[in-house]
Amino acid sequence: MRDPQDLYQLLDTEAIHYQRFDHPAVFTCAEASTLAPIPGSLASKNLFLKAGKTGRYLLLCLPASARLDLKALGELLAIKNLGFASAERLQATLGLTPGAVSLLAVVNDSAGLVDVIIDEAVTQHDTVLCHPLVNTSTLAINTGDLLRFLDSSHHPARVMQLPCLPA
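Residues numbered from 1 in each chain as written. Predicted model: local features only at pLDDT ≥ 70, side-chain atom pairs only at ≥ 80, totals over all residues. Heavy atoms only, no water.

(A) Local environment of the nonpolar core. If you look at the biggest cluster of nonpolar residues, it comprises 30 residues, and the most contacted ones within it are Phe48, Leu59, Leu94, Leu103, Leu104 and Phe149. Going through the elements one at a time, α1 (4-13), β3 (57-63), α4 (87-94), β5 (114-119), β6 (127-130), β7 (137-142) and α6 (143-152) are the ones with two or more residues in this core. Among residues more than four places away in sequence, those in contact with Phe149 are Leu7, Leu10, Leu11, Ile16, Leu104, Val106 and Val107. Grouped together as the second largest cluster of nonpolar side chains are 15 residues, Leu58, Leu60, Leu62 and Leu73 included. (Core = buried A, V, L, I, M, F, W, Y, C linked by side-chain atoms within 4.5 Å. Buried < 20%, exposed > 50% of the residue type's maximum accessible area, 1.4 Å probe, protein only. Helix = DSSP H or I, 4+ residues; strand = E, 2+ residues; numbered from the N terminus. Contact = heavy atoms within 4.5 Å.)

Next comes the structure, spelled out in structure tokens:
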């Protein structure tokens with residue numbers, strides 16, 4: 001599913017409620033923060049990582065202001081050589097381009113290669129902002145609905161405190 005319209009139809013079928021905001025393309029959290037469509041919603045960033053030589057990937061979601069300690073995460077998860085996946089791997093695995101990384105993209109992981117990890121700080125907010133497979137729209141989705149969507153997409157989220165660097 002690479003078409004946002006198909007994703008909207010799936011969200012509607014799954015009774016996942018969202019508010020949609022269309023905007024010019026954004027490529028960074030800083031650019032996205034200027035949009036701020038819903039006060040009180042958590043602006044998050046999503047990172048697509050390659051889990052060493054395992055052939056698996058991690059899709060992480062954490063607050064946009066957080067700075068992930070990649071080395072500490074690798075140690076915590078016992079994954080050697082944890083690092084950012086290439087744009088080519090992102091496209092091949094989730095059908096996305098850089099700047100559009102989103103938890104919703106797990107619908108494109110038909111091979112089941114992606115594990116989802118969400119920082120517990122994200123789950124403490126009522127609403128999370130997500131791109132719908134493109135970086136020209138943002139959806140505000142209830143956190144509980146988002147977790148339910150991940151479960152129904154066979155990508156249940158592991159919620160944990162991600163190691164972050166001091167601000």
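(B) Fine view of the pattern of salt bridges. Here the structure, examined in full by the defined rule, presents three salt bridges. Notably, a salt bridge pairs Arg20 with Asp22, separated by 2.9 Å at the nearest N-O pair. According to the relative accessible area criterion, Arg20 is partly exposed, its value standing at 39%. Residue Asp22 is classed as exposed on the basis of its relative accessible area, which comes to 52%. Measuring nitrogen to oxygen at the nearest pair gives 2.8 Å for the salt bridge that ties Asp115 to Arg56. (Salt bridge = Lys/Arg side-chain N within 4 Å of Asp/Glu carboxyl O.)

(C) Representation of the packing of aromatic side chains within the structure. Scanning the entire structure with this criterion turns up two aromatic pairs. Measuring from centroid to centroid gives 5.0 Å for Phe48 and Tyr57, while their planes differ by 15°, and the two rings are stacked. Each member of the pair, Phe48 together with Tyr57, is buried. (Phe/Tyr/Trp six-rings, centres within 6.5 Å; stacked < 30°, edge-to-face > 60°.)

(D) Spotlight on the pairing of β6. Relative to β7, β6 runs antiparallel, the two sharing four bridges. When the sheet's bridge partners are listed, Val128 is paired in β7 with Ile141. Taking the residues that link successive antiparallel strands as the turn, the β6-β7 hairpin has six residues, and the phi of Leu133 there is positive, at about 80°. (Pairing = 2+ DSSP bridges.)

(E) Region of interest: the sheet that holds strand β1 (residues 18-22). The three strands lie next to each other as β1-β7-β6, forming an open sheet whose pairing is antiparallel. Taken across any chain shown, the strands that pair with only one partner, and hence form the sheet edges, are β1 and β6. Going from strand to strand, the sheet's axes swing by 20° on average, the running direction of each strand aside. Pairing of β1 with β7, which is carried by five bridges, proceeds in the antiparallel orientation. What sits directly across from Asp22, in β7, is Ser137. The strands touched by α1 within the sheet are β1 and β7, with β1 carrying the most contacts at an inclination of about 160°. In the packing of α6 onto the sheet, the strands contacted are β6 and β7, and the crossing angle to β7 comes to about 100°. (Axes fitted to C-alpha atoms, helices over the stretch in contact; angles between N-to-C directions.)

(F) Highlighting the sheet that holds strand β2 (residues 44-51). As summarised here, the arrangement of the five strands in space is β4-β2-β3-β5-β8, forming an open sheet in which the pairing is mixed. Because the sheet does not close on itself, it has two edges, and the strands there are β4 (82-84) and β8 (158-160). Going from strand to strand, the sheet's axes swing by 30° on average, the running direction of each strand aside. The sheet contact formed by β2 and β3 spans seven bridges and is antiparallel. Each bridged residue has a counterpart across the sheet, and for Lys50 the counterpart in β3 is Tyr57. Relative to β4, helix α3 (residues 70-77) is tilted by about 135°, and along the sheet it contacts β2, β3, β4, β5 and β8. Against the sheet, α4 engages β2, β3 and β5, with an angle of about 95° to β2.

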